[in-house]
Amino acid sequence: DLVEKQFDLTPKTGDLEILVEPLRGATDDPENLTAMHAYSEELLGLEAVTNLVSPVNLGGRPGLEQVKGFFALRRAMPIAVDPMLAAGLESLLRTNAALFRVRTKYKVGQKEGEKLVQRLRKNPPAGFKVQITGEIPRLMDFSRGLYARFPLAAAWIIGITLLLMLPMFRSVWLPIKSVLATILSLAATFGV
């Protein structure tokens, strides 16, 4: 309890995980490291972001030359890299992707959190593809998918209902009245 209270390590509902994939070259190529470092600085500069863990800022907030030097040493002499740092880096870096763990001050359902996710999705770092997950984007994507398919689902239900009722009542007017009554009662339920 004391560790969690002092270091705030438990995942929060507003946390984001950003998968950053370079369009060219390996993730630890110098030009990709430069772009990832600039992206991490951009993220840390946002008011909504309270903490960031990424391959280019594991040891705090190093400068770009320090990051490039570290990765050059890692390529030349992997054994010289601190084992703890290497283990942390292993969980965040692959040849073709890097993981940025972003802690935000928002909770699921807050419009500001959704705006942040939309902004991050629209503005990936140059030369990278970005995918964002976490509770906020997961709920956004679920809602968007649900409402995008709603008209099709409603049309499907109405059509099937009409097709099933036509032979049962041997009438066209009764199934239509039944469907309209159902639509009216549902609309009233939702406050229309």
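Use the structure listed above.
In what follows, the accompanying structure is described. (Residues numbered from 1 in each chain as written. Predicted model: local features only at pLDDT ≥ 70, side-chain atom pairs only at ≥ 80, totals over all residues. Heavy atoms only, no water.)

### A closer look at the overall build of the protein chain
What the protein chain contains, in helices and strands, is seven helices and five strands. Going from the N terminus to the C terminus, the protein chain shows its helices and strands as α-β-α-β-α-α-β-β-α-β-α-α. Relative to its length of 192 residues, the protein chain is extended, with a C-alpha radius of gyration of 25 Å against a globular reference of 16 Å. Overall, the C-alpha framework of the protein chain stretches about 85 × 40 × 25 Å when taken along its three principal axes. In the protein chain, which comprises 192 residues, the share counted as buried stands at 30%. Contacts in the protein chain between residues at least 24 apart in sequence constitute 69% of all its contacts with a sequence separation of at least 6. (Helix = DSSP H or I, 4+ residues; strand = E, 2+ residues; numbered from the N terminus. Rg over C-alpha atoms; globule rule 2.2 N^0.38 Å. Buried < 20%, exposed > 50% of the residue type's maximum accessible area, 1.4 Å probe, protein only. Contact = heavy atoms within 4.5 Å.)

### Some words on the pattern of salt bridges
As enumerated under the stated definition, the model contains 10 salt bridges in all. As a salt-bridge pair, E47 and K105 come within 2.9 Å of each other at their nearest N and O atoms. With E47 in the loop between α2 (30–44) and β2 (49–53) and K105 in the loop between β4 (97–104) and α5 (111–122), the pair connects residues that are 58 residues apart, well separated along the chain. For E47, a relative accessible area of 66% gives the class exposed. Look at K105 and you get partly exposed, because its relative accessible area is 41%. Between R121 and D141 there is a salt bridge whose closest N-O contact spans 2.9 Å. One end of the pair, R121, is in helix α5; the other, D141, is in helix α6 (residues 135–169), with 20 residues separating them in the sequence. What makes R121 partly exposed here is its relative accessible area of 30%. When salt bridges that share partners are traced, they join R121, D141 and R144 into one network. (Salt bridge = Lys/Arg side-chain N within 4 Å of Asp/Glu carboxyl O.)

### Re the pairing of strand β5 (residues 128–134)
Side chains of β5 alternate between two faces, with F128, V130, I132 and G134 buried and K129, Q131 and T133 left unburied. As defined by bridge partners, strand β1 (residues 16–22) adjoins β5 across seven bridges and the pair is classed as antiparallel. Note that in β5 the partner of E17 across the bridge is T133. (Pairing = 2+ DSSP bridges.)

### Thoughts on the environment of V179
If you trace the backbone, V179 turns up in helix α7 (residues 173–189). The class of V179 is buried, set by a relative accessible area of 9%. Along the primary structure V179 and L162 are separated by 17 residues, whereas in three dimensions their C-alpha atoms are 7.4 Å apart. Sequence-distant contacts of V179, defined by excluding residues within four places in its chain, comprise I158, T161 and L162.

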